[in-house]
Amino acid sequence: MKKTLLAWSSGKDSAWTLHVLRRQNVEVSALLTTLNQAADRVAMHGVRRTLLETQAAFAGVPLWQVPLPWPCTNDDYEARMADACRRAVAEGFDTIAFGDLFLRDIRAYRERQLTDSGLAPIFPLWEIPTAQLARDMVDAGLRARLSCVDSRQLDPTFAGREFDHAFFADLPATVDPCGENGEFHTFAYDGPMFRAPILIESGEVRNVDGFIYTDLLCPELFH
């Protein structure tokens, strides 16, 4: 059986990838997440590290955190990811999974970076039609909330909304239902990949260079 590392963004696509792999009897032995070291939050998604750690615990999978400097150059990113890949190979991993959906340049980049690394990339959700995929996620019980919205692609009022059928109905036709073009990012807090729901609430909304972040909080972490 292959020993698999899963690139984990804290969002719905990586959570669904974990569910799909488990249904295929693939052993996911660690989750790999990059964090903005200065903000102490998940890169791009803006999710607090403490919430990420709670999520991994509820998924029942060890979490590998890769801190990135801010600002982060491409060289910095690639060097730290290469270190994580070397660790994975040393610990017996032979596969790394990604929740990418259809962006061919992103897939090609990952495949190039992993050439001769000892890790084979797999893409379990690749080219599943995203309108159907989004609905399948929700119908199967996955629950997620928008943690970040790119205001150049989607109205800022969508920040903090639930990823659900009402959300799909309100999305402009120009926006991918899974946000694959970077229109929005999510935090998955419930679903068949977790042992129980993570209780969350929406906090402060911040505009950082046109990206609208909703600060998601878990009240239990403050008691």
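In short, a report on the structure. If you're wondering where the values come from, they're calculated on a predicted model, not measured in any experiment.

**Section: the overall build of the protein chain**
Okay, so step 1: Within the protein chain one finds six helices and 10 strands.
Okay, so step 2: Taken over C-alpha atoms, the radius of gyration comes to 17 Å for the protein chain, in line with the 17 Å a tight globule of 223 residues would show.
Okay, so step 3: By principal-axis analysis of the C-alpha atoms, the protein chain measures approximately 45 × 40 × 35 Å.
Okay, so step 4: The long-range share in the protein chain, meaning contacts at least 24 apart out of those at least 6 apart in sequence, stands at 68%.
Okay, so step 5: Carbon together with sulfur atoms contributes 51% to the accessible area of the protein chain, which is approximately 10,400 Å² in total.

**Comments concerning the pattern of salt bridges**
Okay, so step 1: Under the criterion given, the structure shown has 13 salt bridges.
Okay, so step 2: Lys12 serves as the salt-bridge partner of Asp13, at 2.9 Å between the closest nitrogen and oxygen. For the pair formed by Asp13 and Lys12, the shared burial category is buried.
Okay, so step 3: Arg107 is the partner of Glu111 in a salt bridge, and the nearest nitrogen-oxygen pair spans 2.9 Å. Note that Glu111 and Arg107 are positioned in helix α4 (residues 104-113) at a spacing of four residues, about one turn of the helix.
Okay, so step 4: With relative accessibility at 33%, the residue Glu111 sits in the partly exposed group.

**Regarding the sheet that holds strand β7 (residues 143-150)**
Okay, so step 1: Ordered by their spatial adjacency, four strands build an open sheet running β8-β7-β10-β9, and the pairing between neighbours is antiparallel. At either margin of the open sheet sits one strand with a lone partner, and together these are β8 (184-190) and β9 (201-208). Taking the axes of each pair of neighbouring strands and ignoring which way they run, one obtains an average angle of 25° across the sheet.
Okay, so step 2: Alignment of β7 against β8, held across six bridges, turns out to be antiparallel. Within β8, the position partnered with Arg145 by the bridge is Phe187.

**Let's talk about the environment of Ser14**
Okay, so step 1: One can find Ser14 in helix α1 (residues 12-23).
Okay, so step 2: Leaving out residues up to four positions away in the same chain, Ser14 has contacts with Leu6, Ala7, Trp8 and Ser9.

**Here's the deal with the packing of aromatic side chains**
Centre-to-centre distance and the angle between the planes together describe a pair of aromatic rings.
Okay, so step 1: Tallying each qualifying case throughout the model produces nine aromatic pairs.
Okay, so step 2: Seen in terms of ring centroids, Trp64 and Phe93 are 5.3 Å apart; in terms of plane orientation they differ by 70°. Their pairing is edge-to-face. Taken together, the residues span a long stretch of sequence, with Trp64 in strand β4 (residues 63-68) and Phe93 in the loop between α3 (74-90) and β5 (95-97) at a distance of 29 residues. Judged on exposure class, the residue Trp64 and its partner Phe93 are both buried.
Okay, so step 3: Measuring from centroid to centroid gives 4.9 Å for Phe163 and Phe168, while their planes differ by 80°, and the two rings are edge-to-face.
Okay, so step 4: Residue Phe168 is classed as buried on the basis of its relative accessible area of 8%.
Okay, so step 5: The structure contains a cluster of three or more aromatic residues connected by ring pairs, namely Phe158, Phe163, Phe167, Phe168 and Phe184.
Okay, so step 6: For Arg87, the ring lying beneath its charged end belongs to Trp64, and the centroid distance is 3.7 Å.
Okay, so step 7: Over the ring of Trp126 we find Arg107; its NZ or CZ atom is 4.9 Å from the centre of that ring.

**Thoughts on the pairing of β9**
Looking along a regular strand, one sees the side chains alternate between the two faces of the sheet.
Okay, so step 1: Judged from the six bridges that link them, β9 and strand β10 (residues 211-217) form a sheet pairing that is antiparallel. What sits directly across from Ser202, in β10, is Leu216.
Okay, so step 2: The turn joining β9 and β10, which pair antiparallel and follow one another in sequence, is formed by two residues; a positive phi near 55° is taken by Asp209.

The rules we used
Residues numbered from 1 in each chain as written. Predicted model: local features only at pLDDT ≥ 70, side-chain atom pairs only at ≥ 80, totals over all residues. Heavy atoms only, no water. Helix = DSSP H or I, 4+ residues; strand = E, 2+ residues; numbered from the N terminus. Rg over C-alpha atoms; globule rule 2.2 N^0.38 Å. Contact = heavy atoms within 4.5 Å. Areas by Shrake-Rupley, 256 points an atom, 1.4 Å probe, with all protein chains shown as cover. Salt bridge = Lys/Arg side-chain N within 4 Å of Asp/Glu carboxyl O. Buried < 20%, exposed > 50% of the residue type's maximum accessible area, 1.4 Å probe, protein only. Pairing = 2+ DSSP bridges. Axes fitted to C-alpha atoms, helices over the stretch in contact; angles between N-to-C directions. Phe/Tyr/Trp six-rings, centres within 6.5 Å; stacked < 30°, edge-to-face > 60°. Lys NZ or Arg CZ within 6 Å of the ring centre and 35° of its normal.

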